[in-house]
Amino acid sequence: MTERPIILVVDDDPDLRAVLCEALGADGYDVIPAADGAEALTWLRLGFRPRLILLDLLMPVMDGWRFRESLGADPALAGIPVVLISTEDNARREPIDVAMLLRKPLALGELRAMVARFCELAPQQNVAPDANPG
């Protein structure tokens, strides 16, 4: 049986996070929601390896810039593609290494097409059993 691709959605807006998780789940992806970078790193350190990370910048606890720095500093995690979901103004505030920028407000069709392209290109990595980072 083929594993469903995992997408990690990192955004502090609970409504946007829920919409993204629902839409991507309906498209056949397993979606892990995280309210900030620290929660996302917890999931990754538990062994979850998404094919793609959708990342907001402005979040409490750990923002997108610090999350991306932590991801890049860990050789086991550095290769996971990250797509920024933010306003262009926020993305220009300080440099960040990402594969792509999608501007808020998001066009759901554009997001779905982009996720499909990334998931076709990236091989699925090992997946940890169901767990709760909290």
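See the structure shown above.
Below is a short write-up of the structure. (Residues numbered from 1 in each chain as written. Predicted model: local features only at pLDDT ≥ 70, side-chain atom pairs only at ≥ 80, totals over all residues. Heavy atoms only, no water.)

Here's the deal with the pattern of salt bridges
- Per the stated rule, a full pass over the model turns up six salt bridges.
- As a salt-bridge pair, Arg4 and Asp30 come within 2.9 Å of each other at their nearest N and O atoms. Of the two residues, Arg4 is situated in the segment before β1 (6-10) and Asp30 in strand β2 (residues 30-34); the sequence distance between them amounts to 26 residues.
- On the basis of relative accessibility, which here comes to 39%, the residue Arg4 falls in the partly exposed class.
- A salt bridge links Lys104 to Asp56; the nearest nitrogen and oxygen atoms lie 3.2 Å apart. One end of the pair, Lys104, is in the loop between β5 (100-103) and α5 (108-121); the other, Asp56, is in the loop between β3 (52-55) and α3 (64-73), with 48 residues separating them in the sequence.
- Overall, the relative accessible area of 26% leaves Lys104 in the partly exposed class.
- Judged by relative accessible area, Asp56 falls into the buried class, the value being 5%.
- Salt bridges sharing partners connect three or more residues here, namely Asp11, Asp56 and Lys104. (Salt bridge = Lys/Arg side-chain N within 4 Å of Asp/Glu carboxyl O. Helix = DSSP H or I, 4+ residues; strand = E, 2+ residues; numbered from the N terminus. Buried < 20%, exposed > 50% of the residue type's maximum accessible area, 1.4 Å probe, protein only.)

Scope: geometric values only; no functional claims are made or implied.
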